[in-house]
Every structure is written in C-alpha cells, then in structure tokens.
Amino acid sequence: MNLALSESEELIADAVRRFVDRDATREALVEISEGDSPSRPDWHAKMADAGWLAMLVPEEFGGGGATYLETAMVAEEFGRGPVPGPWLMSSVVAAGMLRAARPSDARSSLFEGIASGAAVVVPLVRLRGAAGDDVVPASVTVEAAGQQLVLRGSVPFVPSAGTATHLLVAIGHPDDGAHRLAVVRRDADGVRTRRLHGFLAWNDVVEFDGCTIAPADVIELPEWHIDSASIYPALALTAAYQVGGCRELLERSIRYSNERVQFGQPIGRFQRVQDHIVRLLNACDTARWTTYEALWRLDAGRPAGVSVHLAKALATDGYYEAANAAHEVHAGIGSDPKFGLSLFSQMSRTLHDFLGSPRAHRRAMMNHLEQED
C-alpha cells in the first residue's frame, strides 16, 4: 500500500485548501453557524464549477469519475474548515445511495442535479445495525391516497437538511425485502425543517404533515445496512472529513502552544499541555492511516469491510477526542464562539452517530473478523 499522493491528488487538495482559506474563513464559518443556514449559495456554485459536487456521480450523468482517494482529498480539506453544508450529505452520502439504487427517472434527475449544482439532496436514513443501532425512522408513516402517497411524522438530527432542495426519505419497513426512498422537495407543501442549536447546530429536525408524493418519486434500493458494501464509500469519505478536522485541531493547538506565553515561557513547554498535544497527535494519526488504508482498498477492489468499519470508528472517536484535547490546550479562549474552536466541537458531535455509532462499527468489524476465522 502506497500512501503517497500523486501529482493530480496534490493538485486537488491544494485547490480545495485555497478555497477554504479564501472563502470559508473562520469569520465566515462563525457567522453562518449563528445564522439560519449552514451554507452559502456562492460556495455551492464554486464547488459545482470546480467539479467537486460531481465526483461520485456516474459519468453518464455528468459526473467526474473520480477515485475514492481523490474524493477524500476534498473531504479532508473541507473537514479542516470545518466547512458545513451540503457537500458531504449530497455529493457523498446521497450520491453513494443513488449509485446503489435501481435505475429510474427520479434517480437520473437527481444525479444530474447533484452534478450541476442545481440539486442538493439530503438523505433522511438511519442505517440498520445490530443491537440498538437501528435504522429507518419509524416515525415517518406512509398512507395511500388515491394515486398519491402521503407522508406524516418527523425525523430528528439530520445534518444540513435546511440546505436541501430535495430530501430522500426512507419509507416502508426493512422486513419487506427492500428499502424505498421517497424523493421529496424541501419546499413542498407539508414539509418543514427546523434548525437546532448549541452543539447540535449543524442539525435540523424535518417534519412532514400531509406531504404528498407520486409513485414515480419513489426509488428502490437494496438493503441499506451498516455492513452493506454500498455504504462503504460514504463511511470512508465521512471518516476522511473527520480526519481533516483532527489535523486542523492538531495544527492549531501546536501553533497556539508555541505562541501563548505564561510564566515567561510558551505553554507548550508545560508537561500537561504536552500531554494534550500527544492526545491530539494519537487521535489524528490513528484516524488518518486507517482511513487511507480503507480508501486504498476500495479503489483497489480489495475486501474492505474490516478496514472501513475500523476507520469510521477511529475517526469518529478521534475527532471527538481531538476536539476535547484542543479545548484543554486553548483553555478559556477556546470557549469564545468568535475564536472558532467550538465549530469543531459542534461538528464532532454532529457526526458522532452519523452513519452508525463507533460501537456499531466495532461490532460490524468484529463480525467480519469472526467470519474470517
């Protein structure tokens, strides 16, 4: 396994890094974190022009045909913002789900919209896993009304739902042999999104009150299980985004520990501060190398189950740990919302159970290892 980046991969990472440094500044991110939407239309347009929205979209629908490692370059640099909003949910998770779905006009239309930037597609799906890490939001009910389907209920803790043009709503029951996704426009009658606050500020609650859809707006896909191979790319790329957050927290903490002077010397010389830096370094390195091994396996077509689940568990726990350790290094200044450190704390909590908890992924990894024995 060669973890060195190619010239083209370095160019991708450098382009995204320039975008983050120029547009997604700390001041801009703090401003949108306090506003009504965790995104900006001008950012989305620039991502579309650069081809970052279309990386996982098949080429016949205007996609870029990128490798998973190339896509991870974008994910990691966005994680260093951390840049919130629709890219991770729409261009990674939703696009990955649609790749596994059966062909239909609705699927083709969403692919083309994602690639062009005209559609932001956010899935409202919980993965089915073992022992309590269950899945499809049972609170959404579907009723037949003539030729239409009527949706009622609510789904909590949906990252970036307020930025969506379209929602993919899991309907039906996993015991019926297939999952179904209802394609719902966010601005349709009977649909309401409500943004949460505090550590949950990147999340929305989505409520359905008599929203109607046509049967043609239902997409069929195979079982969407936590250990389904079709979910592996989304898991690994989400882990790459979390790795980006870990790396940025490490670099900021090292820089601050060298600049902040107390008792006549940089605080980085104090043993306790060094302990926190070591925690950050360990969290960052374990998450990064396991994530890139998983991406390499996916691109090489090798068995990836163990690696993907390990990477997602370590990246999730590592991001949470890195955010805590960074606050220990920065102390009081880190609690100031204008300083920007709390953006990473919010995002580490938002993504903690996204696409399955660390415990669920460790359990799935152990199931793989037991089968190999």
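Procedures and definitions
- Residues numbered from 1 in each chain as written.
- Predicted model: local features only at pLDDT ≥ 70, side-chain atom pairs only at ≥ 80, totals over all residues.
- Heavy atoms only, no water.
- Helix = DSSP H or I, 4+ residues; strand = E, 2+ residues; numbered from the N terminus.
- Buried < 20%, exposed > 50% of the residue type's maximum accessible area, 1.4 Å probe, protein only.
- Contact = heavy atoms within 4.5 Å.
- Pairing = 2+ DSSP bridges.
- Axes fitted to C-alpha atoms, helices over the stretch in contact; angles between N-to-C directions.
- Parallel < 35°, antiparallel > 145°, perpendicular 65-115°, else oblique.
- Left-handed = near helix turned anticlockwise from the far one by under 90°.
- Nonpolar A, V, L, I, M, F, W, Y, C, P; charged D, E, K, R; others polar.
- Phe/Tyr/Trp six-rings, centres within 6.5 Å; stacked < 30°, edge-to-face > 60°.
- Lys NZ or Arg CZ within 6 Å of the ring centre and 35° of its normal.
- Core = buried A, V, L, I, M, F, W, Y, C linked by side-chain atoms within 4.5 Å.
- pLDDT = per-residue confidence, 0-100.

**Points about the environment of Gly62**
Here's step 1: Relative to the helices and strands, Gly62 is located in the loop between α3 (41-50) and α4 (68-79).
Here's step 2: In this structure Gly62 comes out as partly exposed when scored by relative accessible area, which is 48%.
Here's step 3: The sequence separation of Gly62 and Thr212 amounts to 150 residues, and the corresponding C-alpha distance is 30 Å.
Here's step 4: Apart from the residues within four sequence positions on either side, Gly62 is in contact with Ala54 and Ala115.

**So, the sheet that holds strand β6 (residues 191-195)**
Here's step 1: Spatially, the four strands line up as an open sheet ordered β2-β3-β7-β6, and their pairing is antiparallel. In this open sheet, the two edge strands, each paired with only one partner strand, are β2 (141-145) and β6. Each neighbouring strand pair of the sheet contributes to a mean axis angle of 10°, computed without reference to strand direction.
Here's step 2: Pairing of β2 with strand β3 (residues 148-159) involves five bridges; the strand directions are antiparallel. Counterpart to Ala144 in the pairing with β3 is Leu149.

**A short note on the packing of helix α7 (residues 232-259) against helix α9 (residues 305-330)**
Here's step 1: Remark: α7 packs on α9, axes separated minimally by 8 Å, with the N-to-C direction vectors making an angle of 25°. Viewed along their axes, α7 and α9 adopt a mutual orientation that is roughly parallel. Handedness of the α7/α9 crossing: left-handed.
Here's step 2: When the residues that make up the contact of α7 with α9 are grouped by side-chain class, the tally is 15 nonpolar, ten polar and two charged.

**Some points on the sheet that holds strand β4 (residues 166-171)**
Here's step 1: Strand order in the open sheet made by the four strands is β1-β4-β5-β8, with mixed pairing throughout. The open sheet is flanked by β1 (121-124) and β8 (218-221), the only strands paired with a single partner. Going from strand to strand, the sheet's axes swing by 25° on average, the running direction of each strand aside.
Here's step 2: Relative to the sheet, helix α6 (residues 105-116) contacts β1, β4, β5 (179-185) and β8, its axis offset from that of β8 by approximately 95°.

**Some details on the packing of aromatic side chains**
Here's step 1: What the rule picks out here adds up to seven aromatic pairs.
Here's step 2: For the ring pair Phe19 and Trp43, a centre distance of 6.2 Å and an interplane angle of 85° mean the geometry is edge-to-face. One end of the pair, Phe19, is in helix α1 (residues 7-22); the other, Trp43, is in helix α3, with 24 residues separating them in the sequence.
Here's step 3: In textbook terms, an aromatic cluster arises when at least three aromatic residues are bridged by ring pairs, as seen for Phe19, Trp43, Trp52, Phe78 and Trp87.
Here's step 4: Note that Arg288 overlies the ring of Tyr292, its terminal NZ or CZ placed 5.3 Å from the centroid.
Here's step 5: For Arg349, the ring lying beneath its charged end belongs to Tyr320, and the centroid distance is 4.0 Å.

**Describing the nonpolar core**
Here's step 1: Ranked by size, the top nonpolar core spans 110 residues in total, and within it Phe78, Trp87 and Phe208 carry the most contacts.
Here's step 2: Among residues more than four places away in sequence, those in contact with Phe78 are Val16, Phe19, Val20, Met47, Trp52, Val83, Trp87 and Tyr241.

**A word on the confidence of the model for the protein**
Here's step 1: With 91% of its residues at a pLDDT of 70 or more, the protein has an overall mean of 87.
Here's step 2: For the stretch residues 130-138, pLDDT sits under 50, and the model shows 26 contacts to residues farther than four places along the chain or on other chains.

**Notes on the pairing of β1**
Successive side chains on a regular strand alternate, one facing one side of the sheet and the next facing the other.
Here's step 1: Burial along β1 is two-sided: Val121 and Pro123 and Val122 and Leu124, pointing in opposite directions, are all buried.
Here's step 2: One ladder, built from four bridges, connects β1 with β4; its direction is parallel. Its bridge partner lying in β4, Val121 is registered against His166.

**Things to note about the environment of Ala101**
Here's step 1: Checked against the element boundaries, Ala101 lands in the loop between α5 (86-100) and α6.
Here's step 2: C-alpha of Ala101 to C-alpha of His179: the two residues are 78 residues apart in sequence and 9.5 Å apart in space.
Here's step 3: Among residues more than four places away in sequence, those in contact with Ala101 are Arg107, Ile219, Glu220, Leu221 and Pro222.

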